[in-house]
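Residue-level structure breakdown
The residues making up each chain are set out below.
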Amino acid sequence: MLSYFLSKRFRESKRQLGFIGFLTRASTLGVMLGMAVLIVALSVINGFEEQLEQRLLSVMPQVSYQAPYDPIQAWQQKVEILESQRGIVSATAEINLTAMLQYKGTLKAAQLKGIAPDRHHTVSSISDFIKGAELKALKPGEVIIGKGIADKLGVVAGDNIQLLVANKHSDNPLAAPKRLTATVVGLIDMGGPLDQTLALVPLNALQEAMDFREDQVTDLRAKVSDVFQAQQIATSAGRALPDLVYVSSWFRTQGGLYQDIQMVRTIVYLVVFLIIAVASFNIVSSMVMEVKEKRADIAILKTMGAQDSTIFSTFALQGVTYAGIGALLGTGIGIFIAINIPDIFKAWINMSDSNPLEGVYFIEYLPSKIIWTDIYISLVTTFVMAVVASLYPAWQATKTDPAKVLGNG
């Protein structure tokens, strides 16, 4: 209690308004800015990771099996085999092709995906991002395309477009592509690259175009119980299939993005904690100067019977208080910015009329997710660094010799 009272009186001293006070405030400001930046950066990284898992990975194939040569036969039976495997939640069949979409002389390359409308919702949440149509109601002669494709072609729902598919059954490699006419019934609006590339048609439409039977497809696709174990589950479940297939998971297509997110998280932790450490240890210099300035006060306290432990606690509490004020203020500022940063980013885009995330990442807005564990770890680490930084000045204060200080006075 005495140490707290003395520490408070020292902080309120008028002499703190001088150079020592400036160093102290600068150190506190450094800790505050470091904490605010750390919380905002981690919240944005957490937001990207959440969107990767809940948005992109809910639409992209988590596990897929592609036929390298001949189509997969009796896909209904193969789906049943996959769904009986451990870790597989559901499965369905697809036909995936690269095609050209044409409307009034304008062409746009796209990933043309033939799906089973009544089963696709079990492996993908793409229906959550479709406007103007129900995926389950998709019929032959209809197509759902990405909003970016629609903007490029200049089409709206109700327009008829041409789907140009390579004629793989012709002996002539220069044979004209097969043309399918389809009516646009809906648009995919995810706010990411899929809007620029994806087109969905019923499975039987592509089976007919490729001269497949009703039980033949090019791909099997599965949803797994744990997306971060997708590769292991894919390999294990794939052994149960009698067909020769390429086994793939989202780690092969989007794994680099996930690793980049984790790498950026590590770098942010390292760099910002170094900034906080520098600010915390700047407290050392200000406290050393403060101890020298208050040598007479310390000497008087000792002559009045103050123990070394009291002197040590007083100045250790000083350093922890300086860092604590900065850490708490920085936490409050960081949480406020992290909560509002999606709206801030949106307002900035509207003002500048440009989006730096457009066409770069799988989303075109800035997400944010606060994980309180990150904040607790950051606060505890900051306080530990503040305690360590305060040990030397506090120890030096206990070495003050009253006889020398008051005798020289």
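What you see is a predicted model; the values in this text were computed from it and never measured.

Looking now at the pairing of strand S6 (residues 160–165). Looking down a regular strand, the side chains alternate between one sheet face and the other. Where strand S2 (residues 88–103) and S6 come together, three bridges link them in antiparallel fashion. Its bridge partner being in S6, Met-100 is matched across the sheet by Leu-164. Bridge count for S6 against strand S7 (residues 178–188) is six bridges, and the pairing is antiparallel. By the bridge assignment, Leu-163 is partnered in S7 with Leu-180.

A few words on the side chain of Ser-43. Looking at the element boundaries, Ser-43 is found in helix H2 (residues 19–56). Look at Ser-43 and you get buried, because its relative accessible area is 3%. A distance of 2.7 Å separates the side chain of Ser-43 from the backbone oxygen of Ile-39, its partner in a polar contact. Ignoring anything within four residues of it in the chain, the contact list for Ser-43 reads Ala-338, Pro-367, Ser-368, Lys-369 and Ile-370.

What follows covers the pattern of salt bridges. According to the stated counting rule, one finds ten salt bridges in the structure shown. Glu-83 serves as the salt-bridge partner of Arg-119, at 2.8 Å between the closest nitrogen and oxygen. In this pair, Arg-119 sits in the loop between strand S3 (106–115) and strand S4 (130–131) while Glu-83 sits in helix H3 (residues 75–83), placing the two residues 36 residues apart along the sequence. What makes Glu-83 partly exposed here is its relative accessible area of 32%. Asp-151 is paired through a salt bridge with Lys-147; the nearest N and O atoms lie 3.3 Å apart. Residue Asp-151 and its partner Lys-147 are located together in helix H4 (residues 147–153), separated by four residues, close to a single helical turn.

This part is about the pairing of strand S5 (residues 142–146). Across the five residues that make up S5, a large majority, four, are buried. Two elements, S5 and strand S8 (residues 198–202), share two bridges in a ladder whose sense is antiparallel. Paired with Ile-145 across the strands is Ala-199, a residue of S8.

Reading the values: rules and limits
Within any chain, residue numbers begin from 1 and follow the written order of that chain's sequence. Reporting of local features is limited, given that this is a predicted model, to residues whose pLDDT is at least 70; pairs of side-chain atoms are given and counted only at 80 or more, and all residues count toward the totals for whole chains, interfaces and linings. Side-chain measures here rest on the full set of heavy atoms in the structure, leaving out hydrogens and waters. Strands were regarded as paired on the criterion that DSSP finds at least two bridges between them. Strands here are runs of E lasting at least two residues and helices are runs of H or I lasting at least four, both read from the DSSP assignment and numbered beginning at the N terminus. Relative accessibility decides the category of a residue: with a 1.4 Å probe and only protein chains considered, values under 20% of the type maximum give buried, values over 50% give exposed, and everything between is partly exposed. Identification of polar contacts relies on pairs of N or O atoms within 3.5 Å, with a donor-acceptor requirement for protein atoms, meaning one able to donate a hydrogen and the other able to accept it, and with residues adjacent in sequence counted only if both atoms are side-chain atoms. Contacts were defined at the residue level, with two residues in contact if any of their heavy atoms lie within 4.5 Å. One speaks of a salt bridge when a side-chain nitrogen belonging to Lys or Arg is within 4 Å of a carboxyl oxygen belonging to Asp or Glu.

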